[in-house]
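# Overview (structure and organization)
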Amino acid sequence: MRLARSAVLLAASALAMAGTARADEPGVASKSPFAGLEALNAEHSRRLAELERGRIVALTALAAKAQGEESELAYRELFEVAVAGNFYAEALPAAEARLTKTGGDPAVRALAVLVKIIARIDRGDHKTAVADLTAAFKASPDDEGDSSDAATLISLGEAAIQRLVRAGRFDQARLVCEITGESPSKPVRAHFAARRARLAMFGKSAPEIIGKDVDGKDIHLSDFKGKVILVDFWATWCPPCLEAMPALASTSAAYQGDGFVVLGVNVDSKKSDVGTRAKALPAVRRLLIAAGIDWPNIVLDGEPSEQCPTKLYGVDEIPASFLVDRDGTIIDIEVGPDRVRSAVEKALKSSPK
C-alpha cells in the first residue's frame, strides 16, 4: 500500500497547486484581527506577482530569440516561475512555442506540456486539456521503457487531476483516469487505477467509519450525523498532512458552531515498521497534543480488513480527504488547505441545519 506519496507525486502536487492561495487572490482573507499586517502582506504579494509576470514576458522574448542551450535554459526558468507563482495563462504562449520545436531537454518539454494543460483547464477548456493528456498517454513507453518516462506521465496526470478536482470537474478527472488504460506503461495504468477508485467516491453515500481514538473511545462516522464532516486521512510521517493541519484547525474553530466537524483517520500503523495501533499511539498522541488538535481522531490498527476505512474509501495514498454533507453524501474530495475554508462554507450554506 503506497500510503505515502512518492517524491514524484509530491512534486506533481506542488506543480499543480503551487500558488493557488496567493494573498492577492479574492476569497482567501481570514478573520484575523491583524488587518494591517494582512494588508501589508497582500500589497507585497501583489507587487511580487507583477514583477514575476514581467519576468515571464522577458523570458518569453529571450527564449524565442536565443539558440540552443540558452533557449532551453530560458524556457526552463520561465516554466518554473510560472509553476511556482501559478502564472500558467501568462506562460501559455511560451509553452506552445516550445512544443513546436523538436529535440531539446525532455524535462523542459514536459514542463511545457504541464503549463499548456493546466492553462487550458484554468480557462475552462477541459476537453482539449484531456485530449492532450490522452495523446501523451498513448505515446508512453511500454513496460520495458524508461521508468522516468512513466514517472513524468504520472506527474502530468496527477497535476491535471488535482486541478480538475479543484475546478469541481470530477467528470473530467475520472476521464483522465480512464484514458490511462490505453497507456502501454504498466506503472501508469496501475497508478491511475487506484486513483480512479478514490474519485469514484464522489456523489456516493459516505461509508461508515468505526474505530477507536487515542484514548480507546469508540468513534463512528454516524456519531456526527446531521453535520458537515471532513474525513481526513493522515499520518505523523506525512509532511503534507502536517502542513494542512493549521488550515484545518482554523476552519474547525471558525465553523464548528455552525455544524462542522473534522474526523481524523490516522494511518500510522499501515507503515511497515509500525504495524500495529499500539505502536502507533505514542507518536500520534504526542503530535496531537503538540499541535493542539481537538477534533476526534481514529487510530487504525495495522491488520487488514474489508471494513478498514482505507479500503472503504479507496485510500492508498495520503493525504486524502472527503467532505461529507449533512445528508451523508460525499460532495468533495481532496480538499487541500488552500480551499478547505471555502469548501466548508459552501457545504454549510447548501445544506443548512
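Residues numbered from 1 in each chain as written. Predicted model: local features only at pLDDT ≥ 70, side-chain atom pairs only at ≥ 80, totals over all residues. Heavy atoms only, no water.

### Looking at the state of the cysteines
Put simply, the rule is: Here, the term disulfide refers to a pair of cysteine sulfur atoms separated by no more than 2.5 Å. Note on classification: 1.4 Å probe, protein chains only; a residue is buried when its accessible area is under 20% of the maximum for its type, exposed when over 50%, partly exposed between these limits.
Counted under the stated rule, the structure contains one disulfide. A sulfur-sulfur separation of 2.4 Å characterises the disulfide bridge that pairs Cys 238 with Cys 241. Judged by the sign of its S-S torsion, about 75°, the cystine formed by Cys 238 and Cys 241 is right-handed. The residues Cys 238 and Cys 241 share a single accessibility class, namely buried.

### A look at the pattern of salt bridges
We count it as follows: The term salt bridge refers to a side-chain nitrogen of Lys or Arg lying within 4 Å of a carboxyl oxygen of Asp or Glu. Going along the chain from the N terminus, every DSSP run of H or I of four or more residues is numbered as a helix, and every run of E of two or more is numbered as a strand.
Evaluation of the coordinates by the stated rule reveals 17 salt bridges. Measuring nitrogen to oxygen at the nearest pair gives 2.6 Å for the salt bridge that ties Arg 55 to Glu 77. You can see Arg 55 sitting in helix 2 (residues 35-65) and its partner Glu 77 sitting in helix 3 (residues 68-85), a full 22 residues away along the chain. When its relative accessible area of 34% is taken as the criterion, Arg 55 is described as partly exposed. Using a relative accessible area of 35% as the deciding quantity, one classes Glu 77 as partly exposed. For Glu 158, the salt bridge is made with Arg 195, and the minimal N-O distance between the two is 2.7 Å. One end of the pair, Glu 158, is in helix 7 (residues 147-166); the other, Arg 195, is in helix 9 (residues 186-199), and 37 residues separate them in sequence. By relative accessible area, which is 0% here, Glu 158 ends up buried. Owing to a relative accessible area of 3%, Arg 195 belongs among the buried residues under this scheme. Taken together, the salt bridges that share partners define one network made up of Glu 158, Arg 195, Arg 198 and Glu 334.

### What to know about the packing of aromatic side chains
Inclusion rule: Within 6.5 Å between ring centres, the rings of Phe, Tyr and Trp (the latter by its six-membered ring) count as paired, and their orientation is classed by plane angle as stacked under 30 degrees, edge-to-face over 60, tilted in between.
Evaluation of the coordinates by the stated rule reveals five aromatic pairs. Ring centres of Tyr 75 and Phe 79 lie 5.8 Å apart, and the angle between their planes is 20°; on these two criteria the pair is classed as stacked. Of this pair, Tyr 75 and Phe 79 both sit in helix 3, four residues apart, which is roughly one turn of that helix. An identical accessibility class is assigned to Tyr 75 and Phe 79; each is buried. Each ring, one from Phe 233 and one from Tyr 313, has its centre 5.8 Å from the other, and the planes form 55°; the classification is tilted. With Phe 233 in strand 3 (residues 228-234) and Tyr 313 in the loop between helix 12 (309-312) and strand 6 (320-324), the pair connects residues that are 80 residues apart, well separated along the chain.

### Some remarks on the pairing of strand 3
Heads up, the rule is: One requirement defines pairing of two strands: DSSP has to find at least two bridges between them. When the strands point away from the viewer, a crossover counts as right-handed if the path from the first strand over the helix to the second runs clockwise.
Most of strand 3 is tucked away, with seven of its seven residues classed as buried. Alternating positions in strand 3 separate into two faces, Val 228, Leu 230, Asp 232 and Trp 234 on one and Ile 229, Val 231 and Phe 233 on the other, with burial throughout. Looking at chain direction, strand 3 and strand 4 (residues 260-266) are connected through seven bridges and run parallel. Within strand 4, the residue paired with Val 231 across the bridge is Leu 263. For the handedness criterion, the β-α-β arrangement of strand 3, helix 10 (residues 239-255) and strand 4 is classed as right-handed.

Read these as geometric descriptors, not functional statements.
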